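Architecture and fold: a report
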Amino acid sequence: MAEYDYDLFVIGGGSGGVRAARVTGALGRKVAIAEEYRYGGTCVIRGCVPKKLFVYASHFSEAFEDAAGYGWSVGESSFDWPTLIANKDREIERLEGLYRKGLTSANVTLFDSRAVLVDAHMIELKATGERVTADKILIAVGGYANPHASLPGHELCITSNEAFHLETLPKAIVIAGGGYIAVEFANIFHGLGVDTTIIYRGKEILGRFDGDMRRGLHAAMEKKGIRILCQDVFAKIEKGDDGRLVAHTKNGEVLEADQVMLALGRDPNTEGLGLEAAGVVVDHKGAVTVDDYSRTNVDNIYAVGDVTDRVQLTPVAIHEAMCFVETAFKDNPTKPDHQLIATAVFSQPEIGTVGLSEEDACKDFEELEVYRAEFRPMKHVLAGRDERTIMKIVVNALDRKVLGVHILGPEAGEMAQLVGIALKAGATKDDFDRTMAVHPTAAEELVTMYNPTYRIKDGKRV
């Protein structure tokens, strides 16, 4: 048997890579990990964690307004962007330190370097030129924001990466895209007082979500003052004489802004990784092709997370990493389970969802029952805010199994996490009906909608 420097070498220090390295190291295996930027990956360093901190910051403008309805006199308020950035940076530095500590505590060797494959068992560390070998290699390098290089003037634009480090808060911003990143940043910037516009090529924002959630959020965002231009795209971006950016669209719109942000999807970060030298196959997008156990076509090389372009969510990468450890180091072949993944859009109002949308359920099931409630949340009543919550349950009429639950409103993500447990356990609508409500809460609507709002048979309402 060949001898290698490491039992496992992980390329990429994001959530999936760190989890795989730490858990394998704790098993007593010799493990190394390489990261060329900062440990924590997209989620911790330039993704969901700093974004959620920005979301919290953006909520205060409405909270100050709502306070008057509850008897509070808040007085004049102001927002300081540099303070938010500095505090955010301190928290990210703290979290990166915890990631590093967790790895070293598990006796994992850390390399602060870009690592590329030389062959199926050898890795080169670009910072020093050192080459090391490993029995098994895990690719966990994640993805990167698509720069939309074919767009004239794309070099004048920012992505979500740069949005976390802007020196000044723009007075106006235009965001291209209709996915959760575009929608969340539109709400963040608007909440911080920025004149905000979204431009999206599709008919409606959030293409993969349930139609009621998409339409409800669109209406709420426009009511707040966010401009949404659907079925249009940028033709070119240029810099005006005054230094501001001018965005020209295919439909003839001319939009002036201090910043233009491209949120047009993310691509697998595989360029220059040495995959060809190792014989690893990628698809047309550059994503590493893997089997049900996250193994590539090369027996000893695996891949997890966004680099595989399966489901681009941090908890999924972590789950895939845990399944990898079971498969590769515990003699317990385990397939990642990508069904019924609860997720959230941290917009304002928030979306929480798990399971099939009504539109997707119609494709797979002959007859559906749909339960739908729309109401003003209690917290908005005294504040005088006319923002609506929408809750929706999609049920297979033949066996009463709950296929999907979709929530638009305050704390929707928290509710979706808990509902996800019920759906994963195979709950039926009868189980929901037998559950006592917690009163007064918004979530009680999920267990008090006893009669279907409408039925769908063969794709049509009946």
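Our structure is the block above this text.
Structure report, in brief.

Quick notes on the rules
- Residues numbered from 1 in each chain as written.
- Predicted model: local features only at pLDDT ≥ 70, side-chain atom pairs only at ≥ 80, totals over all residues.
- Heavy atoms only, no water.
- Helix = DSSP H or I, 4+ residues; strand = E, 2+ residues; numbered from the N terminus.
- Expected span 1.5 Å × (residues − 1).
- Buried < 20%, exposed > 50% of the residue type's maximum accessible area, 1.4 Å probe, protein only.
- Contact = heavy atoms within 4.5 Å.
- Core = buried A, V, L, I, M, F, W, Y, C linked by side-chain atoms within 4.5 Å.
- Disulfide = S-S within 2.5 Å.
- Phe/Tyr/Trp six-rings, centres within 6.5 Å; stacked < 30°, edge-to-face > 60°.
- Lys NZ or Arg CZ within 6 Å of the ring centre and 35° of its normal.
- Axes fitted to C-alpha atoms, helices over the stretch in contact; angles between N-to-C directions.
- Left-handed = near helix turned anticlockwise from the far one by under 90°.
- Nonpolar A, V, L, I, M, F, W, Y, C, P; charged D, E, K, R; others polar.
- Pairing = 2+ DSSP bridges.
- Parallel < 35°, antiparallel > 145°, perpendicular 65-115°, else oblique.

Our focus in this paragraph is helix H12 (residues 412-424). For H12, spanning 13 residues, the distance from its first C-alpha to its last is 18 Å, which sits close to the expected 18 Å at 1.5 Å a residue. The set of residues buried in H12 consists of Ala412, Gly413, Met415, Ala416, Val419, Gly420 and Leu423. The inward-facing, buried residues of H12 contact strand S17 (343-345), strand S18 (351-355), strand S20 (389-396), strand S21 (402-408) and helix H13 (429-434). Count one or two residues on from H12 and you reach Gly426, which has phi positive near 85 degrees.

In this structure, Ile175, Phe189 and Met221 are the most contacted members of the largest nonpolar core, which totals 38 residues. Of all the secondary structure elements, the ones that give two or more residues to this core are helix H3 (48-67), helix H4 (81-105), strand S8 (172-176), helix H6 (180-191), strand S9 (195-200), helix H7 (211-224) and S17. The leading source of residues in this core is H6, at six residues. The residues contacting Met221, other than those within four sequence positions of it, are Val183, Ala186, Asn187, Ile198, Ile205, Ile226 and Ile228. Tyr6, Phe9, Ala278 and Val290 belong to the second-largest nonpolar core, a separate cluster that totals 26 residues.

Inspection of every chain in the model, using the stated rule, returns one disulfide. Between the sulfur of Cys43 and that of Cys48 lies a disulfide, 2.3 Å long from S to S. Across the disulfide from Cys43 to Cys48, rotation about the S-S bond amounts to roughly -140 degrees, and the bridge is consequently left-handed. Looking at Cys48, the relative accessible area reads 29%, which means it is partly exposed. Free cysteine Cys323: the closest other cysteine sulfur is in Cys43, separated by 18 Å. According to the relative accessible area criterion, Cys323 is buried, its value standing at 6%.

Okay, H6 next. Helix length check: H6, at twelve residues, gives a terminal C-alpha distance of 16 Å against a target of 16 Å (1.5 Å per residue), a fit within 8%. Of all twelve residues making up H6, nine are buried, and the element is well covered by its neighbours. Residues of H6 that are buried: Ala182, Val183, Glu184, Phe185, Ala186, Asn187, Ile188, Phe189 and Gly191. Directly after H6, the chain includes Gly193, whose backbone phi takes a positive value near 95 degrees.

It is worth spelling out the packing of aromatic side chains at this point. Within the structure shown, the criterion is met by nine aromatic pairs. Chaining the aromatic ring pairs together yields one cluster made of Phe54, Trp81, Phe164, Phe185 and Phe189. Against the face of Phe346 rests Lys52, its NZ or CZ located 4.1 Å from the ring centre. Sitting above the plane of the Tyr371 ring, Lys429 keeps its charged end 4.2 Å from the centroid.

Below, the discussion takes up the packing of helix H1 (residues 15-26) against helix H9 (residues 314-329). For the pair H1 and H9, the least separation of the axes is 8 Å and the interaxial angle reads 30 degrees. For the element pair H1 and H9, the recorded crossing hand is right-handed. Of the residues in H9, those in contact with Ser15, Gly16, Arg19, Ala20, Val23 and Thr24 of H1 are Thr314, Ala317, Ile318, Ala321, Met322, Phe324, Val325 and Phe329. Residue composition of the contact of H1 with H9, by class: nine nonpolar, four polar and one charged.

With that settled, the discussion passes to the sheet that holds strand S11 (residues 234-239). Read across the open sheet, the three strands follow the order S11-S12-S13; overall the sheet is antiparallel. Bordering the open sheet on either side are S11 and strand S13 (254-257), each of which pairs with just one other strand. On average, each strand axis in the sheet is inclined to that of its neighbour by 20 degrees, with strand direction left out of account. Across four bridges, strand S12 (residues 245-249) lies against S13 in antiparallel orientation.

A word on the packing of H3 against H6. Contact geometry of H3 with H6 gives a least axis separation of 7 Å together with a crossing angle of 40 degrees. Taken as axis vectors, H3 and H6 run oblique relative to one another. Relative to H6, H3 is oriented so that their crossing is left-handed. Contacts from Lys51, Phe54, Val55, Ser58 and Ser61 of H3 reach H6 at Tyr180, Glu184, Asn187, Ile188 and Gly191.

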